[in-house]
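Residue-level structural notes
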Amino acid sequence: MIKSGIYLNLRIAVLFICLLIISCDEESYDSLAFKLDPEFQTISINNEASISLDVQNLSQPIFAMSMQVNYSSSILSFNDLTGFSVGGFFGSQNVVFVEEENSTIYIAMSIQQGNSEVDGSGTIGTLIFKGSSTGTTEIEISLTDLHFFDSGGNEISVGDFEIVPAMITVTS
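Residues numbered from 1 in each chain as written. Predicted model: local features only at pLDDT ≥ 70, side-chain atom pairs only at ≥ 80, totals over all residues. Heavy atoms only, no water.

Re the pattern of salt bridges
- As enumerated under the stated definition, the model contains one salt bridge in all.
- Notably, a salt bridge pairs aspartate 37 with lysine 35, separated by 3.5 Å at the nearest N-O pair.
- Taking the relative accessible area as the measure of exposure, aspartate 37 reaches 31% and is therefore partly exposed. (Salt bridge = Lys/Arg side-chain N within 4 Å of Asp/Glu carboxyl O. Buried < 20%, exposed > 50% of the residue type's maximum accessible area, 1.4 Å probe, protein only.)

Written out as structure tokens, the structure reads:
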């Protein structure tokens, strides 16, 4: 009887550990996250790769934001006139600035004055890169250059958040 009780407790402990491991392996973005999606992509030279720039679970309403996205311009090319398409997070009445210089994409987005601040989850926009030489590069939002603003133009804090980068591999 004692032996079967020990085995039962052992089975329960193993089951608990397995459930704990499985729940830790799942990607959960219940907290605030800025995610580049898909996280991994492979393209050929002269082909395009699209990366969606998503925000998830923003609880602090914002009026505008600015950011820098870094990548390797020796592997990918980015056209600042055609390489960014606006997503729906800021709605249809927005102001967007996109400029690329030396492997950094500068993005600033704002709602037009008179509209309500936004929060929640959605797509900020899509970045479109073209493969220019073989190699792998990380596309990453610079944490120190990610800023949020209220409707008065004041910089505000949105709390702690996770940034999920993307990787693009270009093959011949």
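A few points about the packing of aromatic side chains
- Summed over the entire model, instances satisfying the criterion amount to six aromatic pairs.
- Here the aromatic rings of phenylalanine 34 and phenylalanine 148 are separated by 5.6 Å at their centres, their planes lie at 35°, and the arrangement is tilted. Within this pair, whereas phenylalanine 34 is found in strand E1 (residues 33–37), its partner phenylalanine 148 is found in strand E11 (residues 147–149), the two being separated by 114 residues in sequence. Accessibility assignment for this pair places phenylalanine 34 and phenylalanine 148 in one class, buried.
- Between phenylalanine 89 and phenylalanine 90 the ring centres are 5.4 Å apart and the planes differ by 90°, which places this aromatic pair in the edge-to-face class. (Phe/Tyr/Trp six-rings, centres within 6.5 Å; stacked < 30°, edge-to-face > 60°. Helix = DSSP H or I, 4+ residues; strand = E, 2+ residues; numbered from the N terminus.)

Observations concerning the pairing of strand E7 (residues 94–101)
- Sheet analysis places E7 next to strand E8 (residues 104–111), joined by eight bridges and oriented antiparallel. Counterpart to glutamate 99 in the pairing with E8 is tyrosine 106.
- What sits between the antiparallel neighbours E7 and E8 is a turn of two residues, in which asparagine 102 has the positive phi angle 50°. (Pairing = 2+ DSSP bridges.)

Regarding the environment of serine 151
- Summarising the element assignment, serine 151 is placed in the loop between E11 and strand E12 (155–156).
- In this structure the C-alpha to C-alpha distance between serine 151 and glycine 114, which are 37 residues apart in sequence, comes to 9.0 Å.

Looking at unusual backbone geometry
- Of note, the bond from aspartate 37 into proline 38 is cis; its omega dihedral lies within 30 degrees of zero at 5°.
- Even without glycine at this site, asparagine 102 takes up a positive phi of about 50°.
- Its place among the elements puts asparagine 102 in the loop between E7 and E8.
- Taking relative accessible area as the criterion, asparagine 102 reaches 65% and is therefore assigned exposed.

Some points on the side chain of serine 142
- In this structure, serine 142 sits in the loop between strand E10 (135–141) and E11.
- A distance of 3.3 Å separates polar atoms of two side chains, one belonging to serine 142 and the other to threonine 144.
- Here the side chain of serine 142 touches aspartate 145 through a polar contact of 2.8 Å, side chain to side chain. (Polar contact = N/O pair within 3.5 Å; in protein donor to acceptor, adjacent residues only side chain to side chain.)

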